[in-house]
Amino acid sequence: MADPQSGEGNGAAASSAAGEAQSQSPASAGNFFSSLKQAFKQDLDREVVRGHFDVGSPPDVHRYYCLVDAKTGKGETNGVAGEPVLRPDGMTGIKAGAVSFYTCVTAEQQGILVTTGYTLSAGIRSKVAQAPPPPPPAPAPPASALPPVPPPAPRETKGTDVAPVAAPAAGTMLQTEIMAVYARFIAAQNSHDRAVVSDVLLDSKDFVWAQMGGSSLWGHKEAMDAFQEQWKGTWALDPQLKEVRIASVAPNVAVLITPLLFTQADPGEKPSTVPIRWSGVFVKTSSGWHISSIFITPFKSWRAPSGS
C-alpha cells in the first residue's frame, strides 16, 4: 500500500519508525464476520489514521491502517487497507478503504502498530487514551463457513527489523477482497450513493443486471440510471451473511452468492420485504475488483436461520 504523503500530520515518518521497533510475533487474524460488520458501517469521512501495521513478507507486503472516529475517539477493531490522504485539519484520512481480518488491538499488543508520524488532535488523543481497551475478537466462524488460516511461517529477523504479520492464505485473501467490494456496494446502495456504486460496477457495455422479474438490463450506464430511478422510492438491501458463499471460478474471476432481504416500494407506497438470492460475478482489473454481473432470483423457500 502507498505510504502517506509527506508533510506534518501524515504517516510519512511511519516507515522509518517501523525499523525502530523490536521484533514481535505475528498478529493473528480477527473474525470474518466482525470485519464485515465494520465494513458495512464504515464512515471514512469521519475516521482518521492513528497508526499502521504490515502484513506479509517481501515482496508481497500489505499495509493496514488503524482508524479512530474523529468526533468520538472510538477506534475501529480491524485494520483497513486503502490510500492515505492528508486532511485539511492536518490529520491523515483514508480513501477506498477495505476492511481486513486483522485486528488493531492484536497488532498493538504485540508492538507492531506504528503510530509515529500520524497527527491526532489533542481532543482525539485524550479520548483515545481514556477509552477502555477493546474486547478480544469474537470466536472464529465454523470451518464450513471459511477456509482456515494456516499458522504463519517463521521469518528470521535481523537488527531492528520488525517481523511483519503473516499474510493469510490465498483463499482467505480472496474472500477478504471480494467481501470488501461487496460491502461497499451494499452500503452505497442503501445510502443511494451513485458515485460509489458506479465505481464498484464494471464500467462496460457488457455489464448485465438480470432482474427478479426475468428481464435483463445491459450496460453500466443503463444500470446506474435504473438504480437512480429505483432509489426515488424505498430501496434497502440486507444481506444474510451467515449463508454467504464465495468461489474462485477462474483466475481473477469470483462468484458470490447469498440470501438477501430486499425492501422496496415506489414513492408514497408501503414498503414490502422479500427474500431473494443475490448472485454476483466479480472480475479483477488493473484498478481492482469490480462487479461485472448481477443475477437476482426469487428465494421464497428461504427462512432465516435460528438465532439470526
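So, a few notes on the structure that sits alongside this text. These numbers were taken from a predicted model, which means no experiment stands behind them. (Residues numbered from 1 in each chain as written. Predicted model: local features only at pLDDT ≥ 70, side-chain atom pairs only at ≥ 80, totals over all residues. Heavy atoms only, no water.)

**Quick notes on the nonpolar core**
As a rule of thumb, soluble globular proteins bury nonpolar side chains together. We count it as follows: We define a nonpolar core as any set of buried Ala, Val, Leu, Ile, Met, Phe, Trp, Tyr and Cys residues linked to one another through side-chain atoms lying within 4.5 Å. Relative accessibility thresholds used throughout: buried, under 20% of the residue-type maximum; exposed, over 50%; partly exposed, between the two (1.4 Å probe, protein chains only). Labels follow the DSSP assignment, with helices taken as runs of H or I lasting at least four residues and strands as runs of E lasting at least two, numbered in each case from the N terminus. Throughout, a residue-residue contact means that at least one pair of heavy atoms, one from each residue, lies within 4.5 Å.
By size, the foremost hydrophobic cluster in this structure holds 35 residues, and its most contacted members are Phe185, Trp278 and Ile291. Per element, the largest residue contribution to this core is eight residues, and it comes from helix H5 (residues 170-191). With residues up to four places along the chain from it excluded, the contact list for Ile291 reads Val181, Phe185, Val200, Leu201, Leu202, Phe207, Trp278, Val281 and Phe282. By size, the runner-up hydrophobic cluster in this structure holds eleven residues, among which are Phe53, Cys66, Ala81 and Cys104.

**Here's the deal with the packing of aromatic side chains**
To keep things clear, this is the line we draw: A pair of aromatic rings is counted whenever rings of Phe, Tyr or Trp (Trp by its six-membered ring) have centres within 6.5 Å, and the orientation is called stacked for planes under 30 degrees apart, edge-to-face for over 60 and tilted otherwise. By definition, being over a ring means that NZ of Lys or CZ of Arg is both within 6 Å of the ring centre and within 35 degrees of the ring normal.
One pass over the structure, following the stated rule, counts ten aromatic pairs. Summarising the aromatic geometry, the rings of Trp209 and Trp235 are spaced 6.4 Å apart at their centres and angled 90° between planes, so their arrangement reads as edge-to-face. Separated by 26 residues along the polypeptide, Trp209 in strand S5 (residues 208-210) and Trp235 in strand S7 (residues 234-239) bring together distant segments of the chain. Arranged with centres 6.2 Å apart and planes meeting at 15°, the rings of Phe227 and Trp231 form a pair that is stacked. The class of Trp231 is buried, set by a relative accessible area of 6%. Among the aromatic side chains, those forming a connected cluster through ring pairs are Trp209, Phe227, Trp231, Trp235 and Phe262. Here the guanidinium or amino end of Arg277 rests over the ring plane of Phe299, the centre of that ring lying 4.0 Å away.

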